[in-house]
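Topology and contacts: notes
Now for the letters of each chain:
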Amino acid sequence: TFLAASRLGMALEEGKSRQPFSCRAEHPRGVRSVRVSNPGSGAALVPAVPVVTLHPPSREDFQGPFRNATLLCQIRGPRRPPGAAPIRWLKNGTPLREGVTPEATAPEGSGLFVTGSRVVVTEAEWDRGDVFTCQADEEMRNTSKAMECG
């Protein structure tokens, strides 16, 4: 799995007159193109596929008395169906159960919902370069000190 992101900024009216746009991502393991359009400022747009984001810690997060920090994995999108698998955490590819705290689903407006899960990471784990992965459905996101350059 790979993730590509892009942002195109322009005035609303200019964007509406020039749409739809095509966004193309190339990776050694595949190419993906997506057509994108803006329904306008008054319409609610709910992505059909949830967006998974993994928020790594900052160096300052480890400066507390316990020398640990929290990673946050969030899912934004349409309401997840009842019985959907919870967010899973892995440490170096092994399932992680200790220090995991799920968050309740909350409405975010425009038909979107957000839910998340947190896991505690020690400074020693982070400095060692352990890789933490959050998995939500088929989507996975990784983070480690080496990946975050900090």
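Residues numbered from 1 in each chain as written. Predicted model: local features only at pLDDT ≥ 70, side-chain atom pairs only at ≥ 80, totals over all residues. Heavy atoms only, no water.

Naming follows an unreviewed UniProt entry, where the chain appears as IGHM protein of Struthidea cinerea.

Backbone geometry places Arg-67, a non-glycine residue, at a positive phi of 55°. Judged by its relative accessible area of 40%, Arg-67 is partly exposed. Backbone geometry places Asn-92, a non-glycine residue, at a positive phi of 55°. Structurally, Asn-92 can be placed in the loop between strand 5 (88-91) and strand 6 (94-96). Owing to a relative accessible area of 45%, Asn-92 belongs among the partly exposed residues under this scheme. (Buried < 20%, exposed > 50% of the residue type's maximum accessible area, 1.4 Å probe, protein only. Helix = DSSP H or I, 4+ residues; strand = E, 2+ residues; numbered from the N terminus.)

To continue, consider the environment of Ala-146. With respect to the element layout, Ala-146 can be found in helix 3 (residues 145-148). Exposure remark for Ala-146: the relative accessible area of 67% places this residue in the exposed category. Distance from Ala-146 to Val-131, taken between C-alpha atoms, is 8.8 Å for residues 15 residues apart in sequence.

Under the counting rule described, the total for this entry stands at one cavity of 30 Å³ or more. Considered as a void within the structure, the largest cavity measures approximately 40 Å³ in volume. Surrounding the largest cavity, Ile-75, Arg-76, Gly-77, Pro-78, Arg-79, Arg-80, Thr-105, Phe-113, Val-114 and Thr-115 form its lining. When contributions to the lining of the largest cavity are tallied by element, the ones reaching two or more residues are strand 4 (68-77) and strand 9 (112-122). Each residue belonging to the lining of the largest cavity can be placed in one class, and the counts come to four nonpolar, three polar and three charged. (1 Å grid on protein atoms, 1.4 Å probe; cavity = no way out; pocket = protein on both sides within 12 Å on 5 of 7 lines; lining within 4 Å. Points joined across faces, edges and corners; volume = space filled by probe spheres on them. Nonpolar A, V, L, I, M, F, W, Y, C, P; charged D, E, K, R; others polar.)

Before going further, it helps to spend a moment on the pattern of salt bridges. Opposite charge on two side chains permits pairing when their charged atoms draw close. Taken as a whole and judged by the stated rule, the model has ten salt bridges. For the salt bridge of Glu-123 with Arg-67, the shortest nitrogen-to-oxygen distance reads 2.9 Å. Of this pair, Glu-123 sits in helix 2 (residues 123-128) while Arg-67 sits in the loop between strand 3 (51-55) and strand 4, and the two are 56 residues apart along the sequence. Residue Glu-139 pairs with Arg-141 through a salt bridge whose shortest N-O separation is 3.2 Å. Put simply, Arg-59, Arg-67, Glu-123, Asp-127 and Lys-145 are held in one network by salt bridges that share partners. (Salt bridge = Lys/Arg side-chain N within 4 Å of Asp/Glu carboxyl O.)

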